[in-house]
Amino acid sequence: MMSSFAKRQKEEKPMVSVILPTYNEAGNIKITISLLSEMLNDERIKGEIIVVDDDSPDGTADIVRNLATEYDVRVHLRKDQRGLATAVLKGIELAKGEICVVMDADLSHPVSKIPDMISPIIQGDCEAAVGCRWVPGGGCINWPLTRKIVSKGAGLLARGLTRLSDPTSGFMAVRNDVLDGIEFYPVGWKIVLEILVKTNCRFIEVPIMFSDRHEGESKLNLRVLIDYLRHLWKLYCFKYIKCFQFIKFCLVGISGFLIDTLVLVSLVELMYIDPRVAAIFGFLAAVSYNYILNRLWTFHLPSIAKPYYSYASFVLICLLGLMIRIGVMHLLIEYAGMGTDLWYVFASFLGIVAGTIFNFIGSKYVAFSENLFRNERRL
Ligand code: GDD
Ligand code: MN
């Protein structure tokens, strides 16, 4: 079915904003802008070019300002910030177009591929298109083997995040509206990866030949590679947040069991309290301890709007979890013959698994529901 975006685009061609992050691109920027303008004219695409420059000492920004009389280009100068990904985000923020194209300003990314990237977006087949080197028809011209290895290795590390064949690509076209309301916190360079993971949008891969930069030097260095690893870690945490939370929840549960036992033994041995009564105190101590740890560590929710409601619902969920555990055990013993030998231990274990899953879901969506917390901080 055709999306409303696609329907609208059938009548009028959408405007395209091309974003060029620059740092010391004096030798490349003029030719990049003229090639882009030529392509936009030839393809009859309404477009604008936005250069986001981080106060390059080589005067890139001045060159762009002078070009503004000839081409539809503007420059945004950043004096207090540096970084490729944040520069691109700034460009996206300033963009008027319905589609944003992000590319390098050193002629490494072929301008001629832009129409192939934006037309499936206009047709509504996808929300993004990425220029990829490591697909049939794509590749790198004049690249040393070491750089190929680094690039492919870096791509491999991102395999758990995206199906994209070239996750370190910096060449993308994306529908502007899919970026609305999404919080981006890229560390370093990989804005394309950040956008794909955070929006989970549909994308296509367009093969490109990546040529070595026309003039000047690459700004890729060890720092950029370290930032990439930090960025990957953040994206994995984002994508698999529920898995991480579940693991933490289980660890908290195990330590809670130790607290429970400690309180039980202390009360029985030191205060001669009946073990069944002591177990109630053990349970309450463990539940309170679990509550605090889960709030602060598992779900990262330091500030709270309805503390009593949250705590009480957590206690209730734990009690219901206990009932589920016993219920599952009962069913397994009664109907699956797990009452003999040591099978009851296995039945109890399965009961614990069921109870823990229930506790986790209840905790995440009721006791620690985001609506209950103000200024909550997520991973
Ligand atoms: N505003 C701004 N600020 N722009 C920057 C900065 C910065 O701190 N650092 C780099 N740029 C700009 C450059 O001027 C260029 O237009 C583009 O970002 C890419 O930088 P290069 O220094 O040319 O990087 P590269 O060619 O080594 O890496 C490119 O290809 C890689 C593929 O292997 C980038 O596209 C990478 O994202 C990509 O992974
Ligand atoms: Mn480059």
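About the thresholds
Residues numbered from 1 in each chain as written. Chains lettered and ligands numbered in written order. Predicted model: local features only at pLDDT ≥ 70, side-chain atom pairs only at ≥ 80, totals over all residues. Heavy atoms only, no water. Near = heavy atom within 4 Å. Polar contact = N/O pair within 3.5 Å; in protein donor to acceptor, adjacent residues only side chain to side chain. Areas by Shrake-Rupley, 256 points an atom, 1.4 Å probe, with all protein chains shown as cover. 1 Å grid on protein atoms, 1.4 Å probe; cavity = no way out; pocket = protein on both sides within 12 Å on 5 of 7 lines; lining within 4 Å. Sits in = over half its atoms within 2 Å of the grid points. Helix = DSSP H or I, 4+ residues; strand = E, 2+ residues; numbered from the N terminus. Domains from an automatic or database assignment. Contact = heavy atoms within 4.5 Å. Core = buried A, V, L, I, M, F, W, Y, C linked by side-chain atoms within 4.5 Å. Buried < 20%, exposed > 50% of the residue type's maximum accessible area, 1.4 Å probe, protein only. Axes fitted to C-alpha atoms, helices over the stretch in contact; angles between N-to-C directions. Parallel < 35°, antiparallel > 145°, perpendicular 65-115°, else oblique. Left-handed = near helix turned anticlockwise from the far one by under 90°. Nonpolar A, V, L, I, M, F, W, Y, C, P; charged D, E, K, R; others polar. Patch = residues over 30% accessible without salt bridge, like charges linked within 9 Å, V, L, I, M, F, W, Y side chains within 5 Å. Salt bridge = Lys/Arg side-chain N within 4 Å of Asp/Glu carboxyl O. Lys, Arg positive; Asp, Glu negative; His and termini not counted. Charge placed at Lys NZ, Arg CZ, Asp CG, Glu CD. Phe/Tyr/Trp six-rings, centres within 6.5 Å; stacked < 30°, edge-to-face > 60°. Lys NZ or Arg CZ within 6 Å of the ring centre and 35° of its normal.

Visitor: Could you give an account of the site of ligand 1, naming the residues involved and the relevant values?
Guide: Neighbouring ligand 1 are 26 residues, the closest being Glu25, Thr168, Lys190, Ser218 and Lys219. Measuring from an oxygen atom of ligand 1, one finds a side-chain N or O atom of Arg82 at 3.1 Å. In the model, an oxygen atom of ligand 1 is placed 3.1 Å from a nitrogen or oxygen of the Gly83 main chain. Protein contact buries 97% of the 740 Å² of open area that ligand 1 shows by itself. Assessed atom by atom at 2 Å from the grid points, ligand 1 resides in the largest pocket. Listing elements by their share of the shell around ligand 1, those giving two or more residues are β1 (16-22) and α4 (84-94).

Visitor: How would you explain the domain arrangement of the protein if you had to name every residue and give the values?
Guide: The figure often quoted for interface size is the accessible area lost as the parts come together. When its domains are assigned, the protein resolves into domain 1 (4-239) and domain 2 (242-374). The gap between the C-alpha centroids of domain 1 and domain 2 is 48 Å.

Visitor: Give a detailed account of the environment of Ile19, specifying residues and quantitative values.
Guide: Mapped onto the fold, Ile19 is located in strand β1. Put simply, Ile19 and Ala95 are 76 residues apart on the chain and 8.1 Å apart in space, counted from C-alpha to C-alpha. Ignoring sequence-local partners within four residues, the contact set of Ile19 consists of Ile50, Val88, Gly91, Ile92, Cys100, Val101, Val102 and Met103.

Visitor: Tell me what's going on with the nonpolar core, and back it up with residues and numbers.
Guide: Ranked by size, the top nonpolar core spans 31 residues in total, and within it Leu20, Ile33, Leu36, Val101, Met103 and Ile114 carry the most contacts. The contacts of Leu20, once residues within four sequence positions are left out, are Ile29, Thr32, Ile33, Leu36, Ile49, Ile50, Val51, Val52, Met103, Asp104 and Ala105. Listed in part, the 27 residues of the second largest apolar core include Ala85, Ile92, Cys100 and Val174.

Visitor: An account of α4 is requested, with residue identities and associated values reported.
Guide: Buried within α4 we find Ala85, Ala87, Val88, Leu89, Gly91 and Ile92. Tucked inside the fold, the buried residues of α4 contact β1, β2 (47-53), β4 (99-102) and α7 (191-199).

Visitor: Give a detailed account of unusual backbone geometry, specifying residues and quantitative values.
Guide: A negative phi angle characterises most non-glycine residues, just as the trans form characterises most peptide bonds. Phi is positive for Asp55, close to 55 degrees, though the residue is something other than glycine. Within the secondary structure layout, Asp55 lies in the loop between β2 and α3 (60-67). Phi angles above zero are rare outside glycine, and His300 is one such case at about 50 degrees. Here His300 is to be found in the loop between α10 (275-298) and α11 (307-335). For His300, a relative accessible area of 14% puts it in the buried group.

Visitor: Explain the packing of helix α6 (residues 145-157) against helix α8 (residues 222-239) residue by residue, including any values.
Guide: Axis separation between α6 and α8 bottoms out at 11 Å; the angle between their running directions is 20 degrees. Relative to α8, α6 is oriented roughly parallel. For the crossing formed where α6 meets α8, the hand is right-handed. Taking contact as the criterion, the partners of Val150, Ala154, Gly155 and Leu157 in α6 are, on α8, Leu225, Tyr228, Leu229, Leu232 and Tyr236. By residue class, the composition of the contact of α6 with α8 is 8 nonpolar, 1 polar and no charged.

Visitor: Give me the lowdown on a negative patch on the surface, citing residues and values where you can.
Guide: Taken together, the side chains of Glu38, Asp42, Glu43 and Asp116 define an acidic patch exposed on the protein surface. Note on placement: Glu43 falls in the loop between α2 (29-42) and β2. According to the relative accessible area criterion, Glu43 is partly exposed, its value standing at 36%.

Visitor: Describe the packing of aromatic side chains, naming the residues involved and giving the relevant values.
Guide: Ring pairs (aromatic) are described by centroid distance and by the angle formed between their planes. If you walk through the whole model with that rule in mind, you get 13 aromatic pairs. For the ring pair Tyr291 and Phe368, a centre distance of 5.3 Å and an interplane angle of 25 degrees mean the geometry is stacked. Of this pair, Tyr291 sits in helix α10 while Phe368 sits in the segment after α12 (343-367), placing them 77 residues apart in sequence. Of the two residues, Tyr291 and Phe368, neither departs from the other in class, the shared state being buried. The ring centre of Tyr23 lies 3.6 Å from the NZ or CZ of Arg82, which sits over that ring.

Visitor: Describe the packing of α10 against α11, and please don't skip the residues or the numbers.
Guide: As a packed pair, α10 and α11 sit with axes 10 Å apart at the nearest point and diverge in direction by 125 degrees. The angle between α10 and α11 places the two elements in the oblique class. At the point where α10 passes α11, the crossing takes the right-handed sense. Facing Phe283, Val287, Ser288, Asn290, Tyr291 and Asn294 of α10, the residues of α11 in contact are Pro307, Ser310, Tyr311, Phe314, Val315, Cys318 and Leu319. Classifying every residue of the contact of α10 with α11 by side-chain character gives 9 nonpolar, 4 polar and no charged.

Visitor: Give me the lowdown on α7, citing residues and values where you can.
Guide: Summarising burial for α7: 9 of the 9 residues are buried, a large majority. For α7, the set of buried residues is Ile191, Val192, Leu193, Glu194, Ile195, Leu196, Val197, Lys198 and Thr199. Check the buried side of α7 and you find it contacts α4, β4, β5 (128-132), β7 (172-175), β8 (203-207) and α8. Where α7 terminates, the next one or two residues include Asn200, which has phi positive at roughly 55 degrees.

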